[in-house]
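The lines below spell out each chain.
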Amino acid sequence: MIKSATLHKFTRILYLLNKLDKGTVTLAQEAKGLGFSARTLQRDLREIERAGFPLAEVAVGRYGFAEGFSLSKMPLSARDKALLSLAGQLAQSLGPNWQASFKRLSSQLVRPALQDVYFLKMPRMWHSISSAVVEKLEQAVLKHRYIDVYYTSQTKRAWSCELRPLKIAFFDGFWYLIALNNWNVFMKFSLGRIEKINTRSDTFAPVNIDDKLAASPNIWFDAEQNIEIKLKVAQPVAGYFKEVEFFPYQKIEKENKDGSLLISCRTANFMQVLPQIQRWLPHIRVVGPCELEKLLTDQLSAYLKSK
C-alpha cells in the first residue's frame, strides 16, 4: 500500500492510470488504501477521462478502461517522458519516500527507458530533508492543521508555535515550508533545517497564496507588495526582460530609442529584488526609490573595501 502522505494529485493520477491498465479501480477500496476520500478519487478519474483516456463504469463505484483500450497501445511521447524525468529529479530532493513513490509509479509508464533529452540542475544539499517531517507537513497542509516547528537557524535552535502551514514550495534550489503566524506574518523555513513537527488538533480556515507565489521570483515575498521600484535595463540584456519576468509584478513602462528599457515592479522588501539586480549588473540601474539605490551602493562599496 502506498502511504497517503507521499501522494499528491500528480502521483495519484499516475497510480490510478497504472491500476486501470491492469484491471479495474474500486473507489471505496482505493480510497481506504490511499487515505483520500472517494470523492477526491472520483474527481481524479474525471480528469483522466477529460485527458482522453476512455473510461467505463463496469459496476457501481468500479471503473475500468473501455474494452480494447490499453496504455501499451498509447505510448508516451518523448515530451511526456521528459516531464516524468524532471519530476523525478524534484522527487529525489524530497527524500526516499518520494523517490520510491516516483520510481514505482513511473516504472509502470516508461518502458523502455530512453535517453533523457532535458536536464534539470538541482543543487547538492548538505542538509538532508527528513521524510518524517515532509509527511507530517503534507498532512498538516492538506488538513489545515496548526503546527509547531522546531527549527535550526544559523545561530540557534528554537520552536515556532501555532503556525498555519500553507504550502511546501521550491525556490532557488531549496524546499521551503511557508506558513503564517498569529500576527499574519509569513514565515519561511528551509525543509532541511526543520528537525521536528508537532501537529495540533485545531484547524484553520484555508488561505490561498498561489497568486502570490506565482508573482514572486524568490522566497522573499510578504503579505503586501506596496514598494514600487523603477529600473533601467541596458540594451544588451533588454531582450531577456521582454521574455521573462525577473521581478515581482514586472512591467515595461517605456522602451527607449537606444534599446534600453524602463521597467517597474512592486515588492514587499528590498531583499526580494536585490539579488536579481546584482545578478544583472552592470546592465541594470536603480532609478528609484533612492533608499534602494543607496543600499545597493553601500553593499558594493563594502565588497570593494573587503578585498
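Please refer to the structure higher up on the page.
(A) Structural view of the packing of aromatic side chains. This model, assessed by the stated rule, comprises eleven aromatic pairs. Aromatic side chains Tyr240 and Trp280 sit 5.7 Å apart centroid to centroid with 40 degrees between the ring planes, which places their arrangement in the tilted category. With a gap of 40 residues between them, Tyr240 in helix 8 (residues 235-243) and Trp280 in helix 9 (residues 274-280) connect regions that are remote in the sequence. Taking relative accessible area as the criterion, Tyr240 reaches 47% and is therefore assigned partly exposed. Seen from their ring centres, Phe241 and Phe247 are 6.3 Å apart, and the 15 degrees between their planes marks the pair as stacked.

(B) Looking closely at the sheet that holds strand 10 (residues 251-255). Taken in spatial order, the four strands make up an open sheet running 10-11-9-12, and their pairing is antiparallel. The two strands at the open ends of the sheet, each matched to only one other strand, are strand 10 and strand 12 (284-288). Averaged over all pairs of adjacent strands, the angle between strand axes in this sheet comes to 30 degrees, irrespective of strand direction. Here strand 10 runs beside strand 11 (residues 261-267); their pairing, made up of four bridges, is antiparallel. Residue pairing for strand 11: Ile252 is matched across the bridge by Ile263.

(C) Just helix 8, in detail. Taken together, the buried positions of helix 8 are Val237, Ala238 and Phe241. The buried residues of helix 8 occupy an angular sector of 130 degrees when the element is viewed end-on, so they sit on one face. Turned more than 90 degrees from where helix 8 packs its buried face, Pro236 and Glu243 sit exposed. Contact partners of the buried residues in helix 8: strand 9 (227-233), strand 10, strand 11, helix 9 and strand 12.

(D) Structural context of the nonpolar core. Counting 20 residues, the largest nonpolar core has Leu231, Phe241, Phe247, Ile277, Ile284 and Leu292 as its most contacted members. Where this core is concerned, the elements lending two or more residues are strand 9, helix 8, strand 11, helix 9, strand 12 and helix 10 (290-305). Apart from the residues lying within four places of it in its own chain, the contact partners of Leu231 are Phe247, Leu261, Leu262, Ile263, Ile277, Ile284, Arg285, Val286 and Val287.

(E) Inspection of the pattern of salt bridges at higher detail. Applying the stated criterion across every chain yields a total of six salt bridges. Two residues, Glu195 and Arg157, come together in a salt bridge whose shortest N-O distance is 3.1 Å. Linking Glu195 in strand 8 (residues 194-203) with Arg157 in strand 5 (residues 157-171), this pair joins segments that are 38 residues apart in sequence. As a salt-bridge pair, Asp210 and Lys167 come within 3.2 Å of each other at their nearest N and O atoms.

(F) Seen up close, the pairing of strand 5. Pairing geometry for strand 4 (residues 145-152) and strand 5, over five bridges, is antiparallel. When the bridges of strand 5 are listed, Val149 appears paired with Ser160. Taking the residues that link successive antiparallel strands as the turn, the strand 4-strand 5 hairpin has four residues.

(G) Structural view of the sheet that holds strand 7 (residues 186-190). If you walk across this open sheet you meet the five strands as 7-6-5-4-8, and the pairing is antiparallel. Edge strands, defined here as strands with exactly one partner in the open sheet, are strand 7 and strand 8. Ignoring strand direction, the axes of neighbouring strands in this sheet form an average angle of 45 degrees.

(H) Spotlight on unusual backbone geometry. Residues Leu281 and Pro282 are joined by a peptide bond in cis, for which omega reads 5 degrees. Structurally, Pro282 can be placed in the loop between helix 9 and strand 12. Residue Gly288 is joined to Pro289 through a cis peptide bond whose omega torsion reads 5 degrees. The residue Pro289 is located in the loop between strand 12 and helix 10 in this model. Non-glycine residue His144 carries a positive phi angle of around 55 degrees. Positionally, His144 belongs in the loop between helix 6 (131-143) and strand 4. Located in the positive-phi region is Tyr249, a residue other than glycine, with phi close to 55 degrees. Following the sequence through the fold, Tyr249 ends up in the loop between helix 8 and strand 10.

(I) How the structure looks around the side chain of Asn218. Relative to the elements of secondary structure, Asn218 occurs in the loop between helix 7 (210-215) and strand 9. From its side chain, Asn218 meets the backbone nitrogen of Trp220 in a polar contact 3.0 Å long. In contact with Asn218, not counting residues within four places along its chain, are Phe171, Asp172, Met271 and Gln272.

The rules behind the values
Residues numbered from 1 in each chain as written. Predicted model: local features only at pLDDT ≥ 70, side-chain atom pairs only at ≥ 80, totals over all residues. Heavy atoms only, no water. Phe/Tyr/Trp six-rings, centres within 6.5 Å; stacked < 30°, edge-to-face > 60°. Helix = DSSP H or I, 4+ residues; strand = E, 2+ residues; numbered from the N terminus. Buried < 20%, exposed > 50% of the residue type's maximum accessible area, 1.4 Å probe, protein only. Pairing = 2+ DSSP bridges. Axes fitted to C-alpha atoms, helices over the stretch in contact; angles between N-to-C directions. Arc of directions from axis to C-beta. Contact = heavy atoms within 4.5 Å. Core = buried A, V, L, I, M, F, W, Y, C linked by side-chain atoms within 4.5 Å. Salt bridge = Lys/Arg side-chain N within 4 Å of Asp/Glu carboxyl O. Polar contact = N/O pair within 3.5 Å; in protein donor to acceptor, adjacent residues only side chain to side chain.

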